[in-house]
Amino acid sequence: MRFPDITIAIDGFSSTGKSTLARLIAQHFDFLYLDSGAMYRGVTLFAREQGLIDPDNTIDPALEAALKTLDLHFGQGTVLFMGTRNIEKQIRTMEVSSQVSPIAAVPYVRSYVDRRLHEFSAAGRVVMDGRDIGTTVFPDAEIKIFMTARPEVRAQRRFDELVSKGENPVFEEVMNNLLERDYIDSHRETSPLRRAEDAFELDNSEMGLTDEIAWAEGLIRGKFGLLDAPANNGGKAE
Ligand code: CDP
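Being a predicted model, the structure only gives us computed values, none of them experimental.

1. Digging into the pairing of strand β1 (residues 7-12)
Part 1 of the argument: The buried fraction of β1 is high, at six of six residues.
Part 2 of the argument: The two faces of β1 match: T7, A9 and D11 on one face and I8, I10 and G12 on the other face are all buried.
Part 3 of the argument: Pairing between β1 and strand β6 (residues 126-130): five bridges, direction parallel. Paired with T7 across the strands is V126, a residue of β6.

2. A short note on the nonpolar core
Part 1 of the argument: By size, the foremost hydrophobic cluster in this structure holds 39 residues, and its most contacted members are V43, L63, L67, L72 and V109.
Part 2 of the argument: Of all the secondary-structure elements, those providing two or more residues to this core are α2 (36-49), α3 (63-66), β3 (72-75), β4 (79-82), α4 (94-104), α5 (107-120), β6 and α6 (133-137).
Part 3 of the argument: Looking at this core, the element that brings in the most residues is α2, giving seven residues.
Part 4 of the argument: Non-local contacts of L63, meaning those with residues more than four positions away in its chain, are made with F46, A47, L52, I103, Y108 and V109.
Part 5 of the argument: Listed in part, the 20 residues of the second largest apolar core include I25, V127, I145 and L202.

3. Comments concerning empty space enclosed by the protein
Part 1 of the argument: Using the criterion set out here, one finds one cavity of 30 Å³ or more in the structure.
Part 2 of the argument: Each pocket or cavity is described by its volume, and for the largest cavity that value is around 40 Å³.
Part 3 of the argument: Along its surface, the largest cavity is lined by A9, D11, G134, K144, I145, F146, R194, R195, A196 and A199.
Part 4 of the argument: Elements that contribute at least two residues to the lining of the largest cavity include exactly β1 and β7 (143-148).
Part 5 of the argument: When residues in the lining of the largest cavity are grouped by element, the largest group, three residues, is from β7.

4. Topic: helix α8 (residues 171-187)
Part 1 of the argument: Compared with the 24 Å implied by 1.5 Å per residue over 17 residues, the 24 Å span of α8 between its first and last C-alpha is a close match.
Part 2 of the argument: Those residues of α8 not exposed but buried are V174, M175, N177, L178, R181, D182 and D185. With its buried residues spanning 160 degrees around the axis, α8 presents them on a single face. Opposite the buried face of α8, by more than 90 degrees, sit the exposed residues E172, Y183 and H187.

What counts, and at which threshold
Residues numbered from 1 in each chain as written. Predicted model: local features only at pLDDT ≥ 70, side-chain atom pairs only at ≥ 80, totals over all residues. Heavy atoms only, no water. Buried < 20%, exposed > 50% of the residue type's maximum accessible area, 1.4 Å probe, protein only. Helix = DSSP H or I, 4+ residues; strand = E, 2+ residues; numbered from the N terminus. Pairing = 2+ DSSP bridges. Core = buried A, V, L, I, M, F, W, Y, C linked by side-chain atoms within 4.5 Å. Contact = heavy atoms within 4.5 Å. 1 Å grid on protein atoms, 1.4 Å probe; cavity = no way out; pocket = protein on both sides within 12 Å on 5 of 7 lines; lining within 4 Å. Points joined across faces, edges and corners; volume = space filled by probe spheres on them. Expected span 1.5 Å × (residues − 1). Arc of directions from axis to C-beta.

Put into C-alpha cells, the structure is as follows:
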C-alpha cells in the first residue's frame, strides 16, 4: 500500500525514542527520515571547532556570519556530513550534548536549520523528529506525534546508547544533561518545546518497539481512513 505524500512530525523530550520511531516509520512506510536534532548538534560541533563558543556557553556573535560557510547535509541515508566529512560520531558525544541547547536557543541558528530542513524536505514524504517540528517547522504536518517517557527510563536509554558506542558515561551526568536540556528547550523564547494542540501523545515508558510501530501504523492508517482497506478490496493484498 502506498500512502500519499505527507509529512509526519515527531516532537518530544530528550531520549524519548523519537529517532527510533521515526526510523521505523521511514523503513516501514518508505519515508525520508530527517533528524533535526542532528543539525543542531552539527552547528554546535562547528561552533566548538571554530572557537565560537566558550566552555561557559558564551556564544560569539561571529557565529551568525560563519554559518554562511557551513555546509551541513545528510548523506548515506541519515548520516550527517559537514562538507565531505562524516561527523555522525562527533555530534553524539557528551561534549556536544552539553552545549547544544544553548546553541539551539539562538534565533539565527534556528533560521539556518529551518531553512536547510525545508530544502531537504522538498521531495515529499518526510518523517522528521525534533522539538518544534509540529509547532514551527511544519505546522501543517498531516500527522503530529508528541513523545514522552519517565526521566529515569530516558536516562537509562541514553546511558546504554553511549556505552554501546564505546563512551564511558556517568549515569548522573547523563540524567542531569537530559533534565537541563529539557528545561532550556521548553523555556527558550524562540520555538520552545511544547506539544502542538493537534499532536497525538505517546508515553512509551513501558512500551516495546513492536507496540510502538503498531500504534504508529494505526495512527497513519486511521488518518487516511485506511483502517478498513483489506475488507473494502475483498481482503486482497495491494
Ligand atoms: O537525541 P536527543 O533527544 O538527545 O536530542 P536531539 O534530537 O539530538 O536534539 C539535540 C538538541 O537540539 C535538543 O536538546 C535541542 O536543544 C535541540 N533541538 C531543537 O532545539 N529543535 C529541534 N527541532 C531539534 C533539536
